[in-house]
Amino acid sequence: ILCSQPVPTLLKHFLSERCSNILSCFLYLCSAEYPDLRKHNNCMASNLTPAIYAKLCDKATPNGYTLDQAIQTGVDNPGHPFIKTVGLVAGDEESYEVFAELLDPVIKERHNGYDPRNMKHPTDLDASKIQSGQFDERYVLSSRVRTGRSIRGLSLPPACTRAERREVERVVVDALAGLKGDLTGKYYSLTQMTEKEQQQLIDDHFLFDKPVSPLLTCAGMARDWPDARGIWHNNEKTFLIWVNEEDHTRVISMEKGGNMKRVFERFCRGLKEVEHLIQEKGWEFMWNERLGYILTCPSNLGTGLRAGVHVKLPLLSKDARFSKILDHLRLQKRGTGGVDTAAVGGVFDISNLDRLGQSEVQLVQTVVDGVNYLIECEKRLERGQDIKVPPPLKQFK
Amino acid sequence: MEIAANGSRAAAINRRSGSGQRRAAGRCGGWKLLGGTIGIFVSTPGSSSSPQVRQQGANMPFGNTHNQVKLKFASDQEYPDLSKHNNHMAKVLTPAMYERLRSKQTPSGFTLDDVIQTGVDNPGHPFIMTVGCVAGDEETYEVFKELLDPVIEDRHGGYKPSDKHKTDLNPANLKGGDDLDPNYVLSSRVRTGRSIRGFCLPPHCSRGERRAVEKLSIEALDSLSGDLKGKYYALKNMTDAEQQQLIDDHFLFDKPVSPLLLASGMARDWPDARGIWHNDNKTFLVWVNEEDHLRVISMQKGGNMKEVFNRFCTGLTKIETLFKDRGHAFMWNEHLGYVLTCPSNLGTGLRAGVHVKLPNMSKHAKFEEVLKRLRLQKRGTGGVDTAAVGGVFDISNADRLGFSEVELVQMVVDGVRLLVDMEKKLEKGQSIDDLMPAQK
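Chain B goes by creatine kinase in an unreviewed UniProt entry, where it is assigned to Amphiprion ocellaris. Under the UniProt heading Sequence similarities (unreviewed entry), the note attached to chain B is "Belongs to the ATP:guanido phosphotransferase family." Of the comments in the UniProt record for chain B, the one headed Catalytic activity (unreviewed entry) reads "creatine + ATP = N-phosphocreatine + ADP + H(+)".

The name given to chain A in an unreviewed UniProt entry is Creatine kinase U-type, mitochondrial, with Amphiprion ocellaris as the source organism. Per UniProt, the comment on chain A under Function (unreviewed entry) is "Reversibly catalyzes the transfer of phosphate between ATP and various phosphogens (e.g. creatine phosphate). Creatine kinase isoenzymes play a central role in energy transduction in tissues with large, fluctuating energy demands, such as skeletal muscle, heart, brain and spermatozoa." Taken directly from UniProt, the Sequence similarities (unreviewed entry) text for chain A runs: "Belongs to the ATP:guanido phosphotransferase family."

*Asks:* What exactly am I supposed to notice about the overall build of chain A here?
*Replies:* Tallying secondary structure elements over chain A gives 13 helices and 10 strands in all. Here the C-alpha atoms of chain A give a radius of gyration of 23 Å, agreeing with the 21 Å that 2.2 N^0.38 yields for 397 residues. If you sum the accessible surface of chain A, you get close to 15900 Å²; carbon and sulfur atoms cover 53% of it. With 52 positive and 52 negative side-chain charges, chain A shows a spacing of 4 Å between the two charge centroids.

*Asks:* I keep staring at the overall build of chain B and nothing clicks. Help me out?
*Replies:* Per the secondary structure count, chain B includes 14 helices and 12 strands. Out of the 440 residues belonging to chain B, those deemed buried represent 57%. Long-range contacts, defined here as pairs at least 24 residues apart, represent 73% of the contacts in chain B between residues at least 6 apart. In the structure as shown, chain B presents an accessible area of about 17300 Å², 53% of it carried by carbon and sulfur atoms.

*Asks:* Can you help me understand the packing of aromatic side chains in this one?
*Replies:* Between two aromatic rings, the relevant description is the distance of the centres plus the angle of the planes. Counted under the stated rule, the structure contains 13 aromatic pairs over all chains. Ring centres of Tyr34(A) and Tyr53(A) lie 5.6 Å apart, and the angle between their planes is 80 degrees; on these two criteria the pair is classed as edge-to-face. On the criterion of sequence distance, the pair formed by Tyr34(A) in the loop between helix 2 (22–33) and helix 3 (43–47) and Tyr53(A) in helix 4 (residues 50–56) is long-range, its members being 19 residues apart. Centroid distance Phe323(B) to Phe330(B): 5.5 Å. Interplanar angle 55 degrees. Geometry classified as tilted. Accessibility assignment for this pair places Phe323(B) and Phe330(B) in one class, buried. By way of ring pairs, the aromatic residues Phe208(A), Trp225(A) and Trp242(A) are connected into one cluster. The ring centre of Phe285(A) lies 5.8 Å from the NZ or CZ of Arg149(A), which sits over that ring. We note Arg194(B) situated over the ring of Tyr338(B); from NZ or CZ to the ring centre the distance is 3.4 Å.

*Asks:* How do you make sense of the pattern of salt bridges when you look at a structure like this?
*Replies:* Proximity of charged atoms lets side chains of opposite charge pair with each other. With the rule as written, the count across this model stands at 62 salt bridges over all chains. Notably, a salt bridge pairs Arg321(A) with Asp319(A), separated by 3.0 Å at the nearest N-O pair. Relative accessible area serves as the criterion here: at 28%, Arg321(A) is assigned to the partly exposed category. Because the salt bridges share partners, they merge into one network encompassing Asp36(A), Arg38(A), Arg211(B), Lys236(B) and Asp272(B).

*Asks:* It is not clear to me how the confidence of the model for chain B should be interpreted in this structure. Could you clarify?
*Replies:* The predicted coordinates ought not to be read in detail in places where the model reports low pLDDT. Residues and elements named next belong to chain B. Summing up the model confidence of chain B, the mean pLDDT is 85 and the portion of residues at 70 or higher is 84%. Predicted confidence for residues 1–64 stays below pLDDT 50, and this span has 186 contacts to residues more than four positions away or in other chains. Model confidence for the complex is summarised by a pTM of 0.86, with the ipTM given as 0.87.

*Asks:* In this structure, what is going on with the side chain of Asp227(A)? I would like to understand it.
*Replies:* Following the sequence through the fold, Asp227(A) ends up in the loop between helix 10 (214–217) and strand 3 (230–234). Within the structure, Asp227(A) has its side chain in polar contact with the side chain of Arg166(A) (distance 2.7 Å). Contact partners of Asp227(A), with chain neighbours within four places excluded, come to Arg162(A), Arg165(A), Arg166(A), Thr191(A) and Asp81(B).

*Asks:* When you look at the environment of Arg229(A) in this model, what are you seeing that I'm missing?
*Replies:* Residue and element names in this part refer to chain A. Summarising the element assignment, Arg 229 is placed in the loop between helix 10 and strand 3. Note on Arg 229: relative accessible area 1%, which makes it buried. On a C-alpha basis, the gap between Arg 229 and Glu 169 in space is 7.2 Å, while along the polypeptide they are 60 residues apart. A distance of 2.8 Å separates a polar side-chain atom of Arg 229 from the backbone oxygen of Met 221.

*Asks:* Is there a simple way to think about the packing of helix 8 (residues 162–176) of chain A against helix 11 (residues 260–280) of chain A in this case?
*Replies:* For any two helices packed against each other, one specifies the crossing angle of their axes together with the interaxial distance. All names here are of chain A. One way to put it is that helix 8 packs onto helix 11 with a least axis distance of 9 Å and a crossing angle of 115 degrees. For the pair helix 8 and helix 11, the sense of crossing is right-handed. Two secondary-structure elements touch here, helix 8 through Val 171, Ala 175 and Leu 176 and helix 11 through Val 274, Leu 277 and Ile 278. In terms of residue class, the contact of helix 8 with helix 11 is built from 6 nonpolar, no polar and no charged.

*Asks:* Hey, could you run me through the nonpolar core in this one?
*Replies:* Within soluble globular proteins, side chains that are nonpolar tend to cluster in buried spots. Counting 60 residues, the largest nonpolar core has Val286(B), Met305(B), Met361(B), Ile395(B) and Leu419(B) as the members making the most contacts within it. Ranked by the residues each element gives to this core, the list is headed by helix 14 (residues 405–427) of chain B, at 12 residues. Met361(B) has contacts with Phe367(B), Val370(B), Leu419(B), Met422(B), Glu423(B), Leu426(B) and Ile432(B), leaving out every residue within four places of it along the chain. Judged by nonpolar contacts, the second largest core, of 58 residues, contains Ala175(A), Trp232(A), Phe348(A) and Val361(A).

*Asks:* For this particular structure, what's the right way to read the sheet that holds strand 11 (residues 376–379) of chain B?
*Replies:* Hydrogen bonds along the backbone pair up the strands of a sheet, which may run parallel or antiparallel. All names here are of chain B. In space, the 8 strands of this open sheet follow the order 4-5-6-7-3-10-12-11, with antiparallel pairing throughout. Among the strands making up the open sheet, the edge pair consists of strand 4 (230–234) and strand 11. When the angles between neighbouring strand axes are averaged without regard to direction, this sheet yields 20 degrees. As judged from the 5 bridges shared by strand 6 (residues 284–288) and strand 7 (residues 294–301), these two strands associate in the antiparallel manner. What sits directly across from Trp 287, in strand 7, is Arg 295.

*Asks:* I'm lost on helix 5 (residues 67–76) of chain A in this one. Help?
*Replies:* Because an α-helix packs 3.6 residues into every turn, residues spaced three or four apart end up facing the same way. Here helix 5 of chain A lies mainly inside the structure; 10 of its 10 residues are buried. Buried residues belonging to helix 5 of chain A abut helix 3, helix 4, helix 7 (100–110) and helix 10 of chain A together with helix 9 (207–222) of chain B.

*Asks:* How should the environment of Arg311(B) be read in this particular structure?
*Replies:* Residue and element names in this part refer to chain B. Considering the arrangement of structural elements, one finds Arg 311 in helix 12 (residues 305–325). We classify Arg 311 as buried; its relative accessible area is 10%. Separated by 140 residues in the primary sequence, Arg 311 and Pro 171 place their C-alpha atoms 8.7 Å from one another. Looking at Arg 311, its side chain comes within polar contact range of the side chain of Gln 300, at 2.6 Å.

*Asks:* For this particular structure, what's the right way to read the pairing of strand 7 of chain B?
*Replies:* Sheet faces and side chains relate simply in a regular strand, where the side chains alternate between the two faces. Residue and element names in this part refer to chain B. Most of strand 7 is tucked away: 6 of the 8 residues are buried. Direction of pairing for strand 3 (residues 185–194) relative to strand 7: antiparallel, over a ladder of 8 bridges. Residue Thr 192 lies in a different strand from strand 7, and its bridge partner there is Val 296. The hairpin turn running from strand 6 into strand 7, its antiparallel successor, is 5 residues long, and Asn 289 in that turn takes a positive phi close to 60 degrees.

*Asks:* Any chance you could explain the sheet that holds strand 9 (residues 331–334) of chain A here in plain terms?
*Replies:* Residues and elements named next belong to chain A. Pairing is antiparallel across the open sheet formed by 8 strands, whose spatial order is 2-3-4-5-1-8-10-9. The open sheet has two edge strands with one neighbour each: strand 2 (185–189) and strand 9. On average, each strand axis in the sheet is inclined to that of its neighbour by 20 degrees, with strand direction left out of account. For strand 2 and strand 3, the ladder comprises 5 bridges, and the chain directions are antiparallel. Residue pairing for strand 3: Ser 189 is matched across the bridge by Gly 230.

The rules behind these values
Residues numbered from 1 in each chain as written. Chains lettered and ligands numbered in written order. Predicted model: local features only at pLDDT ≥ 70, side-chain atom pairs only at ≥ 80, totals over all residues. Heavy atoms only, no water. UniProt positions renumbered as here; feature names shortened; annotations may be inferred. Helix = DSSP H or I, 4+ residues; strand = E, 2+ residues; numbered from the N terminus. Rg over C-alpha atoms; globule rule 2.2 N^0.38 Å. Areas by Shrake-Rupley, 256 points an atom, 1.4 Å probe, with all protein chains shown as cover. Lys, Arg positive; Asp, Glu negative; His and termini not counted. Charge placed at Lys NZ, Arg CZ, Asp CG, Glu CD. Buried < 20%, exposed > 50% of the residue type's maximum accessible area, 1.4 Å probe, protein only. Contact = heavy atoms within 4.5 Å. Phe/Tyr/Trp six-rings, centres within 6.5 Å; stacked < 30°, edge-to-face > 60°. Lys NZ or Arg CZ within 6 Å of the ring centre and 35° of its normal. Salt bridge = Lys/Arg side-chain N within 4 Å of Asp/Glu carboxyl O. pLDDT = per-residue confidence, 0-100. Polar contact = N/O pair within 3.5 Å; in protein donor to acceptor, adjacent residues only side chain to side chain. Axes fitted to C-alpha atoms, helices over the stretch in contact; angles between N-to-C directions. Left-handed = near helix turned anticlockwise from the far one by under 90°. Nonpolar A, V, L, I, M, F, W, Y, C, P; charged D, E, K, R; others polar. Core = buried A, V, L, I, M, F, W, Y, C linked by side-chain atoms within 4.5 Å. Pairing = 2+ DSSP bridges.

Put into structure tokens, the structure is as follows:
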């Protein structure tokens, strides 16, 4: 409608209508700015109507982050017919408030109907609640839990200044230096690591690279690389933190084998310890009861948690019902290289689908129960027995 | 709000209203949320001050928007780490200079960090000195003079802040150029860029501005007649057949992949408001909203550079008139000449070049020296950063600023003529020592 008209024609139209109303002219100008989303398939494009755009286009968060900045990645990356990306990011904690009119429906669409306007997100990091968290290690090769945390008061990676990013690094590294016992570790700054350290980190599969995905670069997350980026890990290489990559921090607990309970226990313990250490210095994580932990991408709100295993399912993966079983168990499969990779040798990365609306304990239990079920199916198929598709799990408990 | 008679200017005016204080004090509605106060800015209709219709700072997706936030931190906390960098910006930008300039912004809100982001993100190459900074609007060159003047001086052979640049687009002033040997000179081409005054440049423009530039350009180009009559192909609307034809003609430009360009925000919203116009004869071509508002190219097979330059000047002058008729000038001033996005393209923005066969000359020990004295540069036939194929080189003027268009094309014409003469001598096994030119 409005947005498809050329600029001068529209203005002449308004003048001829004797429009001296500032609001109308303001709306007209916003329509000249409205992005062309006709070829787009992402959550932002599905929800950003011209009316919402006009309403939000001149707002800014206290840090000066604007709607155009939030949606730039979605405008620049039209998406894929099969894979629906989110198409927008937050520049700071306040983005989720100031642009709520767009973000709430995006969150609802991405998180299976979770409505931030009237629902609360539960946080539960009590690992003792996990039942049957030890997998059969003839099938499960490794177990891993990851999440992200943002430092309240500092802008997020799409918007942060160099000084803010360095401050994030300082605060986090300072806190991590206080970890003790099996969590004692060391920080490797990307700007300062030696070649030897770099090679070791590559061999351990710990090193992260400058983002190449246009989804990330278009959102401005790669600015000033590699300034204030780094990797911390404990001496035992079972607890790892990425600083200033896609989020302020990404926290990973992992080990070979199937002891998901221990992985999660370390995860919770480490997170709580780090939180305690930053609080001693007057900092806290971004969190609220509507959205849980606040991260850069709306897809990672709530728990930001992905708990997963590398598991051998050669027979089950060839069964026609595999996808449906996963779906009903609220699990997703990936190749062992992570997102957008293929499975090798019947080994899959199986993890939780959901992030928001269920607690950490609930999601990890879902993975535990689900993977145990998948292993049972594999064993039954080995024995020539039939398997059943389980009934679908309820989304929000 | 000023509603200018020319609608397309209105968008630019509103963007640039206000003193750059993007968060007008006193219009915050806020509430407490978890101990923080959130301010929201709403343009109230009927407010007495000019409503800042777009609360825009930089449109870059990079978030270095609100300068006030950065000023909370000390300058040395914000100063980029340039210890591994090799570009003009890094050579010039001291911590003290950063401190002096960081609180400034242009009327449209372009800041120092916006200027230098591409140079921070692209440390450069030990052998090739990139510029490392860009302009977001015409005023960038004034507001950030302290940084850009030395960059310009370094890049443009000692061009001083007090120097004046001569513009000469009268093709009659070119001597010769219609007689380059077509057995050697395969094609001739002249290109430049133009920016439309009143609109922000590609690193900083909003979608509305970019569309306005496109609209104006189409209107102007559609008015061209005679051998300049042509057609516009919008990148987002072209058919597969049109696209293939443009590729075959080597006219189609792609979304930039160079990190030098991407880091400065020039590829935002691709392919919105980008397109290619060319005349029916396929000898005059205009790129809209790629690296600059307009890139204008005149080209043809063979060695008749005079004809190419004639068409170039005629076409450019006509386009300039058509824009002026619609109330728009090109960005130009007597110090910097034509103002473009990259400081390396100031002055004439002109690159006049040929594809020329120099299989013997290019292997000669003195090839580089000859080029240097002639003030020429060589590239592969794929353009910048490509290799020569089959002894065919792209030879063009090395300078952009401080020489007029006629002077630069004259250097190319005279220089290429000499190179071809040298090639012919080498073919016959003769020496070229007596042909060695003096330093221009």
